[in-house]
Amino acid sequence: MLKLYGYSLTFILILNFPNKKCKNIKSNLIGLMKMKKLEEDMSNWNGNFPPKTFADGVCHLIGSLGNVGIVDTDEGLVIFDIGTKGQERPIYRELRKFSKKPVKYIIYSHGHFDHCFGYAPIIKEIKRKGWDMPEVIAHENLPRRFEKYRMLDKYHSWLNSRQSAPQIADQVGDRLIVSAHETLDPTILLRGNESSYEFKLGQYTFEIYHDKGETDDSLWMWLPEKKVLFSGELVSNPTFPNAGNPNKVQRYPKQWAIAMEKMLEKKADYLLPGHGQLVEGKDDVREILSIRAEVMHFIHDEVVKRMNEGKYFEQIYHELLEIRPEKFKNHKFLSDSYGCYRFVIHCAYRLYHGWYNTGNPTDLFPAKSLDIANEFITLIDESEFVNRAKKLYDGGKIQLALHLLDVLIKSSKVKSEDTLLNACILKENILSQMADEEINYMARNAYIYGTIQMRKKIEQIKAKSN
Ligand SMILES: [Zn+2]
């Protein structure tokens, strides 16, 4: 098993985070069960499983943060994704346990940090042994992505640390963990929307296809002689498609469904996903592809239908939650742990709509939330906000309780330090409970980050009043 690094290491910290303020034993139990499922799924997502050889010994999977696929031909190795920087040495060691042959081709499934930055030991070896440099295949949008990363490198570090490592996010800040200033650049580019590329090495044929899904530079590979699909991030096992991640740019839900249907036509025996364990057997490969196609079509089409009915986001979102079909809940290949149903609703809406989400002119150019909060505080006795929030909390309406508490917490005109302190303590308690009960990794980390911020504020208030 690979030694973990970077985000994976911080992920372990996150899962061991002690949220002790669960409201009661039932809440604790629910929290523990959900946490166990989340832990299991994310452990798979992070590649914490042994390397695997399959397809008559021809293919290998090295699990890492971004799976690495290897095809062993008579004339050398083809590598589909090379993992992240920080895991490059263990990946290389595992690779060399499988085969000593030179690496002839590297294919990037897309340009994310966890899929194409673990190349250094392979390139070092090639130079040391005087071998030819490999061909590196990518879609034409990948170099543009690298360019964007160079422009936004500190921002991405800041954002990713909050998304994946909330406990240490404030210490990491904008320090670079992986940088696109050093890259192994493609030598062969697939251009256009409908592009495909084919090459032969040794006794095998490699068919490369481009489709949009999580990104606009996605490639996937088909090895017909062994009936193996290499999906990249278009499939992660067993988590929901990562479309609508609250921290990231636009994804492509409709095209994602279409990509799944194109893969289904291949009738593969194996599917090597971008994250998670190998999918083996015709039935499971068909199931993981077809359920993903179905759910992405469903959410996209239901959102579009409601947009055509003149509905704004809030209404669409809550209606989509109400009509979520049973077959998408608790499906073995649609775990909400990383991507999730709720996020994809945002994704489909955002694909076609601007930022004026409510249609209420009040929201077009709103006042500062501080000023709004101050107005409420001058109208209503400030302690009433905490009293009412406690009642809502006791009645299980914790999201509503948060909205009320925020009026107090955002305001600069709260007179009683005790009232403010009580509001912060209740918010911290609620966020902690939400983190315990949340099945989605990104939402959970947002709650954890919020809990940490509340604890800091509580300490500041206490220090001030001492
Ligand atoms: Zn990935």
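Please read all numbers here as calculations on a predicted model, not as lab measurements.

About the cut-offs
- Residues numbered from 1 in each chain as written.
- Predicted model: local features only at pLDDT ≥ 70, side-chain atom pairs only at ≥ 80, totals over all residues.
- Helix = DSSP H or I, 4+ residues; strand = E, 2+ residues; numbered from the N terminus.
- Rg over C-alpha atoms; globule rule 2.2 N^0.38 Å.
- Buried ≥ 20, exposed ≤ 12 C-beta atoms within 10 Å, placed from the backbone.
- Contact = placed C-beta atoms within 7 Å.
- Axes fitted to C-alpha atoms, helices over the stretch in contact; angles between N-to-C directions.
- Parallel < 35°, antiparallel > 145°, perpendicular 65-115°, else oblique.
- Left-handed = near helix turned anticlockwise from the far one by under 90°.
- Nonpolar A, V, L, I, M, F, W, Y, C, P; charged D, E, K, R; others polar.
- Pairing = 2+ DSSP bridges.
- Expected span 1.5 Å × (residues − 1).
- Core = buried A, V, L, I, M, F, W, Y, C linked by C-beta atoms within 7 Å.
- Arc of directions from axis to C-beta.
- Right-handed = clockwise from strand over helix to strand, strands pointing away.
- pLDDT = per-residue confidence, 0-100.

Moving on to the overall build of the protein chain. Each helix and strand counted, the protein chain has 16 helices and 13 strands in total. In summary, the protein chain has a C-alpha radius of gyration of 24 Å against a globular reference of 23 Å for 466 residues, a match within 12%. Dimensions of the protein chain, computed from the C-alpha atoms along their principal axes, are close to 80 × 50 × 45 Å. Among the 466 residues that make up the protein chain, the fraction classed as buried is 43%. Taking contacts inside the protein chain between residues at least 6 apart in sequence as the whole, the part at least 24 apart equals 70%.

The residue Val-303 is located in helix α9 (residues 282-308) in this model. The class for Val-303 is buried, based on 27 C-beta atoms found within 10 Å. When the C-alpha positions of Val-303 and Ile-345 are compared, they lie 6.9 Å apart, and in sequence the two are 42 residues distant. With residues near it in sequence (within four places) discarded, Val-303 still touches Ile-316, Leu-320, Ile-345, Ala-348 and Tyr-349.

This part covers the packing of helix α13 (residues 382-394) against helix α14 (residues 398-410). Remark: α13 packs on α14, axes separated minimally by 8 Å, with the N-to-C direction vectors making an angle of 165°. Relative to α14, the element α13 lies roughly antiparallel. The handedness of the crossing between α13 and α14 is left-handed. Every residue of α14 that contacts α13 at Glu-382, Phe-385, Val-386, Arg-388, Ala-389, Leu-392 and Tyr-393 is listed here: Ile-398, Leu-400, Ala-401, Leu-404, Leu-405, Val-407 and Leu-408. Within the contact of α13 with α14, the residues separate by chemical class into twelve nonpolar, no polar and two charged.

Looking now at the packing of α13 against helix α15 (residues 417-437). The N-to-C vectors of α13 and α15 enclose an angle of 25°; their axes lie 9 Å apart at closest approach. Judged on the interaxial angle alone, α15 and α13 are roughly parallel. For the element pair α13 and α15, the recorded crossing hand is left-handed. In this structure, α13 contributes Glu-382, Ser-383, Phe-385, Val-386, Ala-389, Lys-390 and Tyr-393 to the contact, and α15 contributes Thr-419, Asn-422, Ala-423, Leu-426 and Ile-430.

In spatial order, the strands read β8-β9-β10-β11-β12-β13; together these six strands make up an open sheet with mixed pairing. The sheet is open, and its two edges are formed by β8 (196-201) and β13 (279-280), each paired on a single side. As paired strands, strand β11 (residues 228-236) and strand β12 (residues 270-275) are joined by five bridges and run parallel to one another. In the strand pairing of β12, Phe-230 is matched with Leu-272. Here helix α8 (residues 253-264) sits on the sheet in contact with β9 (204-210), β10 (219-223) and β11, set at roughly 165° to β11.

Strands sit in the order β1-β2-β3-β4-β5-β6-β7 across an open sheet of seven strands; the sheet is mixed. Edge positions in the sheet fall to β1 (52-54) and β7 (188-190), since each has one partner strand and no second. Put simply, the sheet's adjacent strands are angled 20° from each other on average, direction ignored. By the bridge criterion, five bridges tie strand β3 (residues 68-73) to strand β4 (residues 76-80) in an arrangement that is antiparallel.

A few words on α14. Counted at 1.5 Å a residue, the expected span for α14 with its 13 residues is 18 Å, and the 18 Å between its end C-alpha atoms agrees. Turning to α14, its buried residues number three or more, namely Ala-401, Leu-404, Leu-405, Val-407 and Leu-408. Looking at the buried positions of α14, the neighbouring elements they touch are α12 (369-379), α13 and α15.

Ile-79, Met-221 and Leu-229 are the most contacted members of the largest nonpolar core, which totals 112 residues. If you tally residues by element for this core, the top one is α9, at nine residues.

In this fold, Ser-157 is placed in helix α6 (residues 153-164). Residues Ser-157 and Ser-179, spaced 22 residues apart in sequence, show a C-alpha to C-alpha distance of 8.8 Å.

Counted at 1.5 Å a residue, the expected span for α6 with its twelve residues is 16 Å, and the 16 Å between its end C-alpha atoms agrees. Listed in full, the buried residues belonging to α6 are His-156, Ser-161 and Ser-164. Axial view of α6: buried residues confined to an arc of 130°, hence all on one face.

Our next topic: unusual backbone geometry. Only a minority of non-glycine residues have a phi that is not negative, and only a minority of peptide bonds are not trans. Backbone torsion omega between Asn-237 and Pro-238 reads 5°, so that peptide bond is classified as cis. Structurally, the position occupied by Pro-238 is in the loop between β11 and α8. Of note in the backbone geometry, Asn-330 takes a positive phi value of approximately 55° without being a glycine.

The next point concerns the environment of Asn-160. Along the chain, Asn-160 turns up in helix α6. Taking the C-alpha atoms as reference points, Asn-160 and Val-249, 89 residues apart in sequence, are found 13 Å from one another.

In terms of burial, β11 is largely enclosed, as nine of its nine residues are buried. Examined bridge by bridge, β10 and β11 share three bridges and lie antiparallel to one another. Following the sheet pairing, Leu-223 is matched in β11 by Val-228. Between β10 and β11, which pair antiparallel and follow one another directly, the connecting turn spans four residues, one of which, Lys-227, has a positive phi of 55°. With α8 bridging β11 and the parallel β12, this β-α-β connection has right-handed handedness.

So, on to the confidence of the model for the protein chain. On average, residues of the protein chain carry a pLDDT of 91, and 92% of them reach 70 or more. In this model residues 1-22 is a low-confidence stretch, pLDDT under 50, and it forms 47 contacts with partners more than four residues away in sequence or in other chains.

Turning to the pairing of β3, a few remarks are in order. For strand β2 (residues 59-62) and β3, the ladder comprises four bridges, and the chain directions are antiparallel. From the neighbouring strand, Cys-59 faces β3, where its bridge partner is Val-71. What sits between β2 and β3 in their antiparallel hairpin is a turn of five residues, with Gly-66 showing a positive phi close to 95°. Hairpin connection between β3 and β4: a loop of two residues separates the two successive antiparallel strands.

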